[in-house]
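# Tertiary structure, described
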Amino acid sequence: MLDFIEDLGDGIYAIDTGFQRPRFDAAYLMVEGGRAAFIDTGTNHAVPRLLAALNALGLAPDAVDWVIPTHVHLDHAGGVGLLMQALPRARTLVHPRGLRHMVDPKALWLGALAVYGDEEMQRSYGKLVPVPAERAEATHDEQVVHLAGRPLRFIDSPGHARHHHAIWDARSRSWFTGDTFGLSYRAFDVNGRAWILPTSTPVQFDPEALRATVARLLATAPVAMQVTHYGRVGGSVEEVRRLAALMLAQVDEMVALAESLRDAPGRHEKLKAGLLDGYLARLRAHGHAAGAQAAEWLALDATLNAQGLEVMLDRAAR
């Protein structure tokens, strides 16, 4: 097996897309009865790895039936269009709020370009490729599609973003959660136990919607969550519930911090510092040393989450 592929059992494979750092961004490949589906793709730069994973498992490109981004943020869906060019029989399934961005990614590109600049966009993402309209379709809440007879159930899962759906796989009793169930980096595991934090990245963070979504995910008694950042977490119903409680407690803490700094001068920097301090304290309570490397990795999340919280504050003020 190639070193960027991890066999998770039940015909599910996590593929390290190579984005940013090792084991940061996963795409999932599901195989059933000689047919396949990708759930999240990473960026354009991940496409060679995704195709190599197919080949390593003895699957031809025309064995792929579905390409399913959980939402259209570029670390999840930036490679969809390019990947679809290599998969002649595949169709893309997208949340209805995200469908137009897959067919015409110009707005996605321009929005990210304004934040990162052209050099960083090319380095991290590459030029976005549209998906032909006739090969893309919107999902709807409680829709079920099949992969060689294996049912995949979609639910609308707002909270991180309004254009987000989650996918339930009854075979593995797990959800593919995108960013709805937060971030859990394997480098922070302690004695086999995962640590998790929420992601409120711009621009649609909605804590109440997120709480409702998590409650809906838990209602199926999942034994695992397949998170994009990074990999399978859980292992039992009880462990999934522990992680959910930990994540939602931090949502409350993040919102309280943001409210306390609503009108503070230098709000953004104070938010970043407060978030990072909170994450590191939580990580130490988890039993991790939370040293300089952890602080460096979590600084990016603190920056993005601060931006998301500020958008939330400003939206509420309007």
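Heads up: these notes are all about the structure in this document. (Residues numbered from 1 in each chain as written. Predicted model: local features only at pLDDT ≥ 70, side-chain atom pairs only at ≥ 80, totals over all residues. Heavy atoms only, no water.)

## Examining helix 10 (residues 292–317)
Taking 1.5 Å of rise per residue, the 26 residues of helix 10 would be expected to cover 38 Å, and the 36 Å separating its terminal C-alpha atoms lies within 8% of that figure. Residue Leu298 marks the point of greatest curvature in helix 10, where the axis turns by about 30°. Listed in full, the buried residues belonging to helix 10 are Ala294, Leu298, Asp301, Ala302, Asn305, Ala306, Gly308, Leu309, Glu310, Met312 and Leu313. If you follow the buried residues of helix 10, they end up packed against helix 7 (207–218), helix 8 (237–260) and helix 9 (267–285). (Helix = DSSP H or I, 4+ residues; strand = E, 2+ residues; numbered from the N terminus. Expected span 1.5 Å × (residues − 1). Bend = angle between axes of the 7 residues up to and from the residue. Buried < 20%, exposed > 50% of the residue type's maximum accessible area, 1.4 Å probe, protein only. Contact = heavy atoms within 4.5 Å.)

## Regarding the pairing of strand 12 (residues 224–227)
It is a general feature of regular strands that their side chains alternate between the two faces of the sheet. Burial along strand 12 is two-sided: Ala224 and Gln226 and Met225 and Val227, pointing in opposite directions, are all buried. In this structure, strand 11 (residues 174–178) lies alongside strand 12, joined through four bridges in parallel fashion. For Phe176, the partnering residue across the bridge sits in strand 12 and is Gln226. Between strand 11 and its parallel partner strand 12, the chain crosses via helix 7, and the hand of that crossover is right-handed. By the bridge criterion, four bridges tie strand 12 to strand 13 (residues 231–234) in an arrangement that is antiparallel. The residue bridging Val227 from the neighbouring strand is Gly231, located in strand 13. (Pairing = 2+ DSSP bridges. Right-handed = clockwise from strand over helix to strand, strands pointing away.)

## Observations regarding the pairing of strand 1 (residues 5–9)
Sheet analysis places strand 1 next to strand 2 (residues 12–16), joined by four bridges and oriented antiparallel. Looking across to strand 2, one finds that Glu6 is bridged to Ala14. Following strand 1, the chain reverses through two residues before pairing antiparallel with strand 2; Asp10 in that reversal takes a positive phi of roughly 60°.

## A closer look at the side chain of Thr92
If you trace the backbone, Thr92 turns up in strand 6 (residues 91–94). Look past the residues within four positions of Thr92 in its chain and what remains in contact with it is Val67, Pro69, Val80, Met84, Val131, Arg135, Ala136 and Glu137.

## Considerations on the sheet that holds strand 11
Strands sit in the order 8-9-10-11-12-13 across an open sheet of six strands; the sheet is mixed. Of all the strands in the sheet, just strand 8 (144–147) and strand 13 have a single pairing partner and so form its edges. Between one strand axis and the next, the sheet turns by 30° as a mean value, whatever way the strands run. Strands in contact with helix 8 are strand 12 and strand 13; relative to strand 13, the strand with the most contacts, it is inclined by about 100°. (Axes fitted to C-alpha atoms, helices over the stretch in contact; angles between N-to-C directions.)

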